[in-house]
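Structural description and commentary
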Amino acid sequence: MTVQSYAGRAPRPSSLADVLELILDKGLVIDAYVRVSLVGIELLTIDARIVVASVDTYLRFAEATNRLDLQAASNSEGLPQLIGDLTEGGASHKTKGALSGATDQVKSLFGGGDDDDEDESGSNGRDRGNDDGRRQRVPARAGAGRSSRRSSRNGDDGSSNGSSRSSRSTERRRRSSRDDEDR
Amino acid sequence: MLVVYGVVRANHPGVTTTGVHGAETTTTRSGALAAIVSEADGELLARRRDVEAHLGVLESALRDGDVLPFRFGTVIDDEQHMRRLLDESATHYHRLLDRVSGCVQMTLKAVRDDDQSVRVAVGADDNLRRAAQRWSNSSVVSERIALGERVAAAVERLGRHDADRIVSQLRGVAKELSVEPVSPPAVVTVSMLVQPDRLPDLDQAVAALHDELGERISFDYAGPMPAYSFVT
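As the structure is a prediction and not an experimental result, all values here were calculated from the model.

Side note on the overall build of chain A
Of the regular secondary structure elements, chain A holds 7 helices and 0 strands. Along chain A, helices (α) and strands (β) appear in the sequence α-α-α-α-α-α-α when read from the amino end. Counting the 183 residues in chain A, one finds 30% classified as buried. Long-range pairs, those at least 24 residues apart, make up 83% of the contacts in chain A between residues at least 6 apart in sequence.

Some thoughts on the packing of helix 6 (residues 141–171) of chain B against helix 7 (residues 199–213) of chain B
All names here are of chain B. At a closest axis distance of 10 Å, the pairing of helix 6 and helix 7 adopts a crossing angle of 155°. When the axis of helix 6 is compared with that of helix 7, the two are roughly antiparallel. In this structure, helix 6 crosses over helix 7, and the sense of that crossing is right-handed. The residues of helix 7 that touch helix 6, namely those facing Asp-162, Ile-166, Gln-169 and Leu-170, are Ala-205, Ala-208, Leu-209 and Leu-213.

Overview of the nonpolar core
By size, the foremost hydrophobic cluster in this structure holds 74 residues, and its most contacted members are Ile23(A) and Ala110(B). In terms of residue count, the dominant contributor to this core is helix 1 (residues 48–63) of chain B (7 residues). When residues of this core are assigned to domains, at least three fall in each of domain 1 (2–100) and domain 2 (104–230) of chain B. If we ignore the near neighbours within four places in the chain, the residues touching Ala110(B) are Asp162(B), Ala163(B), Ile166(B), Ala186(B), Val187(B), Val188(B), Ile217(B) and Phe219(B). Counting 21 residues, the second largest nonpolar core, distinct from the first, contains Tyr58(A), Ile145(B), Ala146(B) and Val151(B).

Regarding the pairing of strand 8 (residues 186–194) of chain B
Residue and element names in this part refer to chain B. Burial analysis of strand 8 places 8 of its 9 residues in the buried class, which makes it a mostly covered element. When strand 6 (residues 104–112) meets strand 8, the two strands line up antiparallel, connected through 8 bridges. From the neighbouring strand, Met-106 faces strand 8, where its bridge partner is Met-192. Relative to strand 8, strand 7 (residues 176–180) runs antiparallel, the two being bridged by 5 bridges.

Thresholds, definitions, all that
- Residues numbered from 1 in each chain as written.
- Chains lettered and ligands numbered in written order.
- Predicted model: local features only at pLDDT ≥ 70, side-chain atom pairs only at ≥ 80, totals over all residues.
- Helix = DSSP H or I, 4+ residues; strand = E, 2+ residues; numbered from the N terminus.
- Buried ≥ 20, exposed ≤ 12 C-beta atoms within 10 Å, placed from the backbone.
- Contact = placed C-beta atoms within 7 Å.
- Axes fitted to C-alpha atoms, helices over the stretch in contact; angles between N-to-C directions.
- Parallel < 35°, antiparallel > 145°, perpendicular 65-115°, else oblique.
- Left-handed = near helix turned anticlockwise from the far one by under 90°.
- Core = buried A, V, L, I, M, F, W, Y, C linked by C-beta atoms within 7 Å.
- Domains from an automatic or database assignment.
- Pairing = 2+ DSSP bridges.

In structure tokens, the structure reads:
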């Protein structure tokens, strides 16, 4: 069984979020010349990036093992080098750190924002993304956009990778609805 | 106000197509360089049609030669400022053009399937399998949480293992390779700078990865694109 049939290469990444990552996060910038309102982007970015470790996540993984045929022979061929790693055991100490880290992330994304609310009107009124009031404007200076976005998601860049997981169903739903409404 | 899409060498034929806000693109030349730009008023919003227009302009430019892609939303006051920027940054831009010369960017994103990953990770670890047999149906929530945490950690390690495998498989084909941070369930995104005549080799390498890991990893393989990941 394969998770997805392999369709070879496509001209562009298949999701809008990945295209945005490409052209908003990368590419040349001229200092002091970038001026863009990332209306709707933060929503996408948050949904794609936020990583919240939760009890639900662990329960979900525990439940996933329920669906396995655990009497089956060990399926370790081709993965001998993994076994040493995989037997290291649990990591209960991570829970607290991951949870508080996630809280910090949420705070940095939603709280303490100094300019989140000031452009609710004006030319952005036509944006259909305002239905949940979470639009944000990113500072327009070159480099600043990148660094602020980077810092808001540093939790997923390695520091809490081992123990955190987002709610994927929510993420996918939001991403696809965002894709749809933006056509 | 001009939207800046990218910089090319002066011998590039330029791009005449529809850019951001439906405006026609033009070329501003200075010395041995030229910038692909279009007129725009007011605010730039990162809306789907404008984002795609930006990418489309650069894809057109790439078909006719090397291009340095600029980040979406880059604007400059007028042509005079654009020419001054080209002059001031000429050394830098030439160096970057040389770096990407004759190459395109290909990107491979690998995303794991959680259920399949659990199957492999638990199947490879006798202790974990015994733990799952014992606790996956436990009526004590804290026991199920503790089990789930161990399973999650094992799946994460499997993902890192797969990511390493993917990167090492691609390294030989690409001229340059950039491994980009991802969040679960993605395990890795690799951007590669590739000469077009090596594309069949890369296609083959990706197909081999799919054959090897396709049960638990889905691949999003895209390009040829402008070399976004190799101009900063």
